[in-house]
Amino acid sequence: MSAPARPRPTACLALADGSIFYGMGFGATGQTVAELCFNTAMTGYQEIMTDPSYAGQIVTFTFPHIGNVGTNPEDDETGDPVAAGMVVKWMPTTPSSWRNIQPLSEWLAARGRIAIGGIDTRRLTRAIRQQGAPHAALAHDPDGNFDIEALVAAAREFAGLEGMDLAKDVTCAQTYRWNEMRWAWPDGYAPQTEAKHKVVAVDYGAKRNILRCLASADCDVTVLPATATYDDIMAHKPDGVFLTNGPGDPAATGVYAVPMIKDVLNKTDLPVFGICLGHQMLALALGAKTVKMSHGHHGANHPVKDNDTGKVEITSMNHGFAVDGQSLPEGVRETHVSLFDGSNCGIRLDGRPVWSVQHHPEASPGPQDSYYLFERFSEAMAARNA
């Protein structure tokens, strides 16, 4: 008895080096071009897809069970998915969760995001680790018709993330207030009604859970666009300034962000706290440099050492650029390092309540080992006001 015929592929992933991966498409149809990265988190695929830091990237998930809990509005980190596409090993199964509102495939289709399943994600991940994050074209056609030469050409023509200022594409259009705190059973997201500190958060691509963590740390949060000036910030009379996460090349965003941060540092004694791209912006403002990483850090299981205490924290990460730890000027101390590759994961300005970290203390998804950093920020503002 002959084996049943394999279904015709309905999706294709083409890399700039000519490698072709066929699979089954789900989500939206069409074609997208971006940098290809991989994420090792075992949970939180919806938070990952809606993290603005993934602008310009297609995400390969190393964990095979993607889509098994469906989707729901509470898990969005921003209004719509920002990642360009999704690559998974197994096609999503029927959702099994009391929180499910919409199956993953329908959720992606409604938001114009393409996904491919049935891929050997181990092979793909090895290739990314060994050769660096490639440029890729992802296509989904229910009829299975693909122009392979055109897809490879599109991947090769992708400009890449170096030199790209993507913060302007994902930042808020106007200033707004935020008072929603972290999720807690049984009330869900409760409002902050007893805030003690006024914080201006500069939005380079902010995740909602970062803002929730600030609110939970007694902060009254006002969010300003990425292009906010020193005068824009000071008009709100803040007790502290927060620099959010975001996508793209920090050097490109720094063209307009660094002068503002320098003014805050030189003209005030306000506590300043940065995360991810905000960490890189602060480092540039202090005189350090940033570099493009081979394949970046993307996952919820990254060990980071706190140089001050010797403590190791398991952290959530998502970045393709890093601060060059060797470029830190005198008076700026390296506070955290990655135990995977020794790359810089934190800095602090000596004698000032000014610091930042590369990892994500808000988790979402991931561990909460580093949540104390939000409390430290709150304590620094309290000490200054006292």
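About the thresholds
Residues numbered from 1 in each chain as written. Predicted model: local features only at pLDDT ≥ 70, side-chain atom pairs only at ≥ 80, totals over all residues. Heavy atoms only, no water. Helix = DSSP H or I, 4+ residues; strand = E, 2+ residues; numbered from the N terminus. UniProt positions renumbered as here; feature names shortened; annotations may be inferred. Contact = heavy atoms within 4.5 Å. Buried < 20%, exposed > 50% of the residue type's maximum accessible area, 1.4 Å probe, protein only. Core = buried A, V, L, I, M, F, W, Y, C linked by side-chain atoms within 4.5 Å. Patch = residues over 30% accessible without salt bridge, like charges linked within 9 Å, V, L, I, M, F, W, Y side chains within 5 Å. Areas by Shrake-Rupley, 256 points an atom, 1.4 Å probe, with all protein chains shown as cover. Salt bridge = Lys/Arg side-chain N within 4 Å of Asp/Glu carboxyl O. Lys, Arg positive; Asp, Glu negative; His and termini not counted. Charge placed at Lys NZ, Arg CZ, Asp CG, Glu CD.

Within the secondary structure, Gly 44 is located in the loop between β3 (30-39) and α1 (45-49). Sequence separation between Gly 44 and Gly 117 is 73 residues, and the spatial gap between their C-alpha atoms is 18 Å.

Another point: the UniProt feature "active site" (unreviewed entry) in the protein chain. The feature "active site" (unreviewed entry), as annotated in UniProt, sits at Cys 276, His 360 and Glu 362 in this numbering. Spanning 87 residues, the named residues form one tight spatial group whose C-alpha atoms are at most 11.3 Å apart. Structurally, Cys 276 can be placed in the loop between β14 (272-275) and α9 (277-285). Ignoring sequence-local partners within four residues, the contact set of Cys 276 consists of Ser 53, Asn 245, Gly 246, Asn 318, Val 357, Gln 358, His 359 and His 360. Position of Glu 362 relative to the elements: it lies in the loop between β19 (354-357) and α10 (372-385). Its relative accessible area of 3% is what places Glu 362 among the buried residues.

We now examine the nonpolar core. One finds Tyr 204, Leu 243, Ile 261 and Leu 282 to be the most contacted residues of the largest nonpolar core, which totals 34 residues. Broken down by secondary-structure element, the contributors of at least two residues to this core are β11 (197-203), α7 (230-234), β13 (240-243), α8 (250-267), α9 and β18 (344-349). Top element by residues in this core is α8. It accounts for seven residues. Setting aside residues no more than four positions away along its own chain, Ile 261 makes contact with Tyr 204, Leu 243, Met 281, Leu 282 and Ala 285. With 27 residues, the next largest nonpolar core counts Trp 178, Cys 213, Ala 215 and Cys 276 among its residues.

On the surface, a cluster of positive charge is made up of Lys 89, Arg 122, Arg 123 and Arg 126. Within the secondary structure, Lys 89 is located in the loop between β5 (85-87) and α2 (104-110). Classification of Lys 89 as partly exposed rests on a relative accessible area of 34%.

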